[in-house]
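Single-letter residue listing:
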Amino acid sequence: MNKQGFPRGNPAEDCQKLQLWWTEEMQKVGFSGAVAVEHMRLDVQQLPSHGFGKQLFESLVMQRQAAMNTYAYHATLPGAPWPLETVVMTTEAGMITTVIYRAVLDLPSTTEVAFKKSIGLLSDKLEVEGPAAEQFRNRKALLKKIKDGLNRRYEPPAWGFVASKKYFELGEASVTLRQAAGQNEVIVITTVRTESTFVGHNYSFGLDKALDIIKAIARGD
């Protein structure tokens, strides 16, 4: 997606923009189907009344940088081999801060493990935490896929709402595998990815990278 696809802080218009953006991302990975995008305003804590949205917002979204984020946009993505939903979080002006994916996998019962990518001494580091951490520390292929697939930093379009900072940076990107309500879920927290082109930048929600991570976990890599 080019910079014209970015939200601008108008929820009705931004839902349409994000619907087009998600449709483009789905086509790139071979998914098809209609995407419906719903929005909520975070600073009034208007929780969805039911389903995944309520669970995710209560457990994750409301805890993440509440002072920075104003809007959250939720969508269900058809075409994946498992239930897959997403939330895109933005500032009041429309700058995207966080992209969250949640997939429900048919896995044996598992205890929680979290893979957290954050700034290290010379480069980003990946830490494995949680009760099941020891089961995953030596799974090098999976750890590399997670570290490479998560993104913490990108250069937003220069709309003026990023005037004081050229790059946006998440303090931490992460993948969490946990059991909730009798289901095994994978939650991926990342941000926008940027590719330079001859005419500027292309932006991505990183659906392909998130799918690579989720598929690797589903396979038991």
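Our structure is the block above this text.
All values derive from a computational prediction rather than experimental measurement.

Honestly, the overall build of the protein chain in this entry has me stumped. Any pointers?
The secondary structure content of the protein chain amounts to four helices and twelve strands. Looking at the protein chain residue by residue over its 221 residues, the buried ones come to 48%. Accessible surface, the protein chain: about 10,900 Å² in total, of which carbon and sulfur atoms supply 49%.

Before we go on, may I ask you to explain the nonpolar core in this structure?
Burial of nonpolar side chains together is a common tendency in soluble globular proteins. W22, L84, Y101 and F205 are the most contacted members of the largest nonpolar core, which has 53 residues in total. No other element matches helix α4 (residues 207-219), which puts seven residues into this core. Non-local contacts of W22, meaning those with residues more than four positions away in its chain, are made with V35, V37, A75, L77, T86, V88, V99, Y101, F205 and L207. The next biggest cluster of nonpolar side chains, apart from the first, holds eight residues, and it includes L42, V87, M89 and I189.

How do you make sense of the packing of helix α3 (residues 140-149) against α4 when you look at a structure like this?
Axis separation between α3 and α4 bottoms out at 9 Å; the angle between their running directions is 160 degrees. The angle between the axes of α3 and α4 places the two elements in the roughly antiparallel class. For α3 against α4, the interelement crossing comes out left-handed. Residues L142, K145, I146 and G149 of α3 lie in contact with α4, whose contacting residues are K209, D212, I213, A216, I217 and R219.

It is not clear to me how the pattern of salt bridges should be interpreted in this structure. Could you clarify?
Opposite charge on two side chains permits pairing when their charged atoms draw close. One pass over the structure, following the stated rule, counts twelve salt bridges. Of the charged contacts in the structure, one is a salt bridge between E185 and R102, with a shortest N-O distance of 2.5 Å. With E185 in strand β10 (residues 183-190) and R102 in strand β4 (residues 96-105), this residue pair connects regions lying 83 residues apart in the sequence. A single burial state applies to E185 and to R102, both of which are buried. Through salt bridges with shared partners, one network takes in E85, R102, R178 and E185.

I would appreciate a short explanation of the sheet that holds β10 in the present structure.
Sheet strands line up and pair through hydrogen bonds in the backbone, either parallel or antiparallel. Spatial strand order, β1-β2-β3-β4-β10-β9-β5-β6: eight strands in an open sheet with antiparallel pairing. Taken across any chain shown, the strands that pair with only one partner, and hence form the sheet edges, are β1 (37-41) and β6 (124-129). Mean inter-strand twist for the sheet, computed between neighbouring axes without regard to direction, equals 15 degrees. Looking at chain direction, strand β5 (residues 113-119) and strand β9 (residues 172-180) are connected through six bridges and run antiparallel. Bridge pairing links K117 to A173 in β9. Sheet strands in contact with α3 are β5, β6, β9 and β10, and its direction is about 130 degrees off that of β6.

Which parts of the structure should I look at to understand empty space enclosed by the protein?
Sizing a probe to match a water molecule and rolling it over the atoms shows the empty space that remains. For the structure on display, the rule yields one cavity of 30 Å³ or more. Size it by volume and the largest cavity reaches roughly 40 Å³. Lining the largest cavity are G149, L150, V188, T190, R193, F205, G206, A210 and I213. When contributions to the lining of the largest cavity are tallied by element, the ones reaching two or more residues are β10 and α4. Among the residues forming the lining of the largest cavity, the class breakdown is five nonpolar, three polar and one charged.

Sorry, what's going on with α4 here?
Here α4 contains 13 residues, and its C-alpha end-to-end distance of 18 Å stays within 8% of the 18 Å for a straight helix at 1.5 Å per residue. Residues of α4 that are buried include every one of L207, A210, L211, I213, I214, A216 and I217, and no others. For α4, the secondary structure elements touched by its buried residues are α1 (11-28), β3 (84-90), β4, α3, β9 and β10. Of the residues flanking the end of α4, it is G220, one or two places downstream, whose phi is positive at about 85 degrees.

How each quantity is defined
- Residues numbered from 1 in each chain as written.
- Predicted model: local features only at pLDDT ≥ 70, side-chain atom pairs only at ≥ 80, totals over all residues.
- Heavy atoms only, no water.
- Helix = DSSP H or I, 4+ residues; strand = E, 2+ residues; numbered from the N terminus.
- Buried < 20%, exposed > 50% of the residue type's maximum accessible area, 1.4 Å probe, protein only.
- Areas by Shrake-Rupley, 256 points an atom, 1.4 Å probe, with all protein chains shown as cover.
- Core = buried A, V, L, I, M, F, W, Y, C linked by side-chain atoms within 4.5 Å.
- Contact = heavy atoms within 4.5 Å.
- Axes fitted to C-alpha atoms, helices over the stretch in contact; angles between N-to-C directions.
- Parallel < 35°, antiparallel > 145°, perpendicular 65-115°, else oblique.
- Left-handed = near helix turned anticlockwise from the far one by under 90°.
- Salt bridge = Lys/Arg side-chain N within 4 Å of Asp/Glu carboxyl O.
- Pairing = 2+ DSSP bridges.
- 1 Å grid on protein atoms, 1.4 Å probe; cavity = no way out; pocket = protein on both sides within 12 Å on 5 of 7 lines; lining within 4 Å.
- Points joined across faces, edges and corners; volume = space filled by probe spheres on them.
- Nonpolar A, V, L, I, M, F, W, Y, C, P; charged D, E, K, R; others polar.
- Expected span 1.5 Å × (residues − 1).

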